[in-house]
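Understanding the architecture of this molecule
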Amino acid sequence: MKLARVTAADMAAVDLSQIDLFDAAYHAEGDPHAAWAVMRERAPLHLSRLPDGRSFFNVTRYHDACRVLGDHREFTSERGSLLGQLGHDDAAAGRMLVATDPPRHSELRRPLNKMFTGRGLARSEDRIRTAVRSLLAPAPGGDAWDIAQRATMLPMAIAGALMDLPEPHWADLVRWTGMAAAPQDPVFMIRNPHATLAIAHHQLFEYFATQYEARKDTEGDDAFRLLMTMRDGELTREEVVVNCYSLLLGANATTPHTVAGTVLALMENPEQFRAVRENPELVPALVEEGLRWTSPASSFLRYAVEDVEIAGGVVPKGEAVAVWVGSANRDAEVFADPYRFDVRRADNRHIAFGYGAHYCLGATVARLTLRMLFEEVLDRFEEFVPAGEPSHLTSNFVAGFTSLPIRAVPRRSEAVAGT
Ligand code: HEM
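An unreviewed UniProt entry annotates the protein as Cytochrome P450 originating from Streptomyces lateritius.

This is how it looks when you write it as structure tokens:
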């Protein structure tokens, strides 16, 4: 996937009848940004038909995306919210946060909100900073290192701390969530995508079921135990397990790709790196622009509850709609010069964390982590330089990287201290 400017020539090369946005490989090797640009301009409600007879509508404009994600009375999450599940109703509907509509959704979410914002996060800050420092640790030697690969461990410090998961388990959990998020990617695939997903789900559900048993009759104020004791233990073991799974997937599948994609954007736009280095107060804006630019949660699915008129057409009752978040975040109606990576962008209303009731539960902690990371980066490095070609993730759900080799040039004071 190319993240940079879409030109008129790129758009002219797009033949929508030949584009298959369901195909995970297209997102790694093709140019979905060019296809989305054409859809926004000429086909804002585009129907995709798969060879096996399944079909779904694509929504690519910002305001349409917000409407589909944000209005559960028109578009439900209870038949699954991932494109990969198309046509197979989600077994966790009405039980797992992301696959539950209000009002039940609000009952599940309200107790969790506090833990994922403000003071609830304060006790995780030290662990997150330690993880950020260890992510950057191999850099100063000047050798090439792979920031995309190393960043995969970073969200474990978030989710691991919030859910009190033992550190020796983190590497397995990262591998299994990688398999669950991108079963078609050669880095994760075991035999075939179907088997990969089945193995990942089995491992993760079994892991959380074991952790559940181990926590019974023990004390703690982590998110895992909160789910177990929520509303006087109202959630069954299976409900706790699927929500733990969703929390971990939410954290692991996304955050590392914003790290890698933002670093790539800074290498492609060194003047932006300089601007932030000279004005460290721009770090929060860098994080927001990095989120808009990378939009790692690439697609979410909804199903029409009734016939719904939208984007100049009608989605018939019961049909699926894929919202392309990365497209909405490049909509020129909302973002001036949308293909420019700009840390001084005014009014950056990106929807990388979604929109409405399902707005990302982990948004505050993800922002905190990304800010800490780029603060440490500015403290240590003059710039990043490419040390090889990036490899993009094979996935229609997550836009990201499996590899981004770089070299980090230490700041002069660091270089002197290190000699
Ligand atoms: C850069 C990082 C992240 C991005 C871009 C991101 C993106 C998103 C998006 C777009 C949604 C909306 C899903 C929908 O509308 O169906 C979402 C929901 C969610 N995210 Fe994140 N996420 C990130 C980090 C995290 C982290 C760190 C956690 C956990 C610690 C997390 C946990 C969740 C959960 C549990 C939901 C479901 C919320 C609900 O249904 O109410 N995410 N995320």
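After presenting the structure, the write-up continues.
**Quick look at the overall build of the protein**
Within the protein, the regular secondary structure consists of 19 helices and 12 strands. The C-alpha radius of gyration computed for the protein amounts to 21 Å, which stays within 12% of the reference 22 Å derived for 419 residues, consistent with globular compactness. Projected onto its principal axes, the C-alpha coordinates of the protein cover approximately 65 × 65 × 45 Å. Classification of the 419 residues of the protein by burial places 57% in the buried group. By sequence separation, contacts in the protein at least 24 residues apart represent 70% of the contacts at least 6 residues apart. Total accessible area computed for the protein in this model is approximately 17700 Å², and 51% of it derives from carbon and sulfur atoms. Each charge class in the protein was averaged separately, 44 positive and 56 negative side chains, and the resulting centres sit 3 Å apart.

**Quick word on the environment of arginine 40**
You can see arginine 40 is positioned in helix α3 (residues 32-42). Sequence separation between arginine 40 and arginine 175 is 135 residues; the distance between their C-alpha atoms is 35 Å. If we skip the residues at most four places from it in the chain, arginine 40 touches Thr60, Arg61, Ser327, Arg330, Asp331 and Tyr339. Within the structure, the side chain of arginine 40 is placed 2.9 Å from the side chain of serine 327, a separation counted as a polar contact.

**Re the coordination of the iron atom of the ligand**
Protein coordination of the iron atom of the ligand is limited to a single donor, Cys360 (SG), positioned at 2.3 Å. Among the secondary structure elements, cysteine 360 is positioned in the loop between α17 (325-328) and α18 (363-380).

**Regarding the sheet that holds strand β1 (residues 45-49)**
Sheet architecture is open: five strands sit in the order β1-β2-β8-β5-β3, paired in mixed fashion. The strands lining the two open edges of the sheet, one partner per strand, are β1 and β3 (75-76). Packing of helix α4 (residues 62-70) onto the sheet brings it into contact with β2 (55-59), β3, β5 (299-304) and β8 (320-324), and relative to β8 it is tilted by some 125 degrees.

**With respect to the layout of surface pockets**
The method is simple in principle: a probe with the dimensions of a water molecule rolls over the atoms, and the space it marks as empty is what remains. For the second largest pocket, the calculated volume is near 280 Å³. Thr152, Gly178, Phe188, His257 and Phe401 are the residues nearest the centre of the second largest pocket, which is lined by 18 residues in total. Those elements that place two or more of their residues in the lining of the second largest pocket are α8 (147-151), α10 (170-181), α14 (255-268) and β11 (401-403). Looking at the lining of the second largest pocket element by element, the count peaks at four residues for α10. Across the lining of the second largest pocket, the residue classes break down as 10 nonpolar, eight polar and no charged.

**Section: the packing of aromatic side chains**
As enumerated under the stated definition, the model contains 11 aromatic pairs in all. On the numbers, 5.6 Å between centres and 80 degrees between planes, the contact of tryptophan 293 with phenylalanine 341 is edge-to-face. Of this pair, tryptophan 293 sits in helix α16 (residues 283-294) while phenylalanine 341 sits in the loop between α17 and α18, placing them 48 residues apart in sequence. Of the two residues, tryptophan 293 and phenylalanine 341, neither departs from the other in class, the shared state being buried. Among the aromatic residues, those joined into a cluster by ring pairs are Tyr207, Phe208 and Phe224. Sitting over the ring of tyrosine 303, arginine 79 keeps its end group 4.1 Å from the ring centre. The ring of tryptophan 293 has arginine 330 lying over it, and the distance from NZ or CZ to the ring centre is 4.2 Å.

**A closer look at the packing of α14 against α18**
At a minimum axis separation of 11 Å, α14 and α18 run at an interaxial angle of 35 degrees. Viewed along their axes, α14 and α18 form a crossing whose handedness is right-handed. Counted together, Thr255, Thr258, Val259, Thr262, Val263 and Leu266 of α14 and Leu370, Leu373 and Phe374 of α18 form the full contact between these two elements. Within the contact of α14 with α18, the residues separate by chemical class into six nonpolar, three polar and no charged.

How each quantity is defined
Residues numbered from 1 in each chain as written. Predicted model: local features only at pLDDT ≥ 70, side-chain atom pairs only at ≥ 80, totals over all residues. Heavy atoms only, no water. Helix = DSSP H or I, 4+ residues; strand = E, 2+ residues; numbered from the N terminus. Rg over C-alpha atoms; globule rule 2.2 N^0.38 Å. Buried < 20%, exposed > 50% of the residue type's maximum accessible area, 1.4 Å probe, protein only. Contact = heavy atoms within 4.5 Å. Areas by Shrake-Rupley, 256 points an atom, 1.4 Å probe, with all protein chains shown as cover. Lys, Arg positive; Asp, Glu negative; His and termini not counted. Charge placed at Lys NZ, Arg CZ, Asp CG, Glu CD. Polar contact = N/O pair within 3.5 Å; in protein donor to acceptor, adjacent residues only side chain to side chain. Donors = N, O, S within 2.8 Å, 3.2 Å for Na, K, Ca; no water. Pairing = 2+ DSSP bridges. Axes fitted to C-alpha atoms, helices over the stretch in contact; angles between N-to-C directions. 1 Å grid on protein atoms, 1.4 Å probe; cavity = no way out; pocket = protein on both sides within 12 Å on 5 of 7 lines; lining within 4 Å. Points joined across faces, edges and corners; volume = space filled by probe spheres on them. Nonpolar A, V, L, I, M, F, W, Y, C, P; charged D, E, K, R; others polar. Phe/Tyr/Trp six-rings, centres within 6.5 Å; stacked < 30°, edge-to-face > 60°. Lys NZ or Arg CZ within 6 Å of the ring centre and 35° of its normal. Left-handed = near helix turned anticlockwise from the far one by under 90°.

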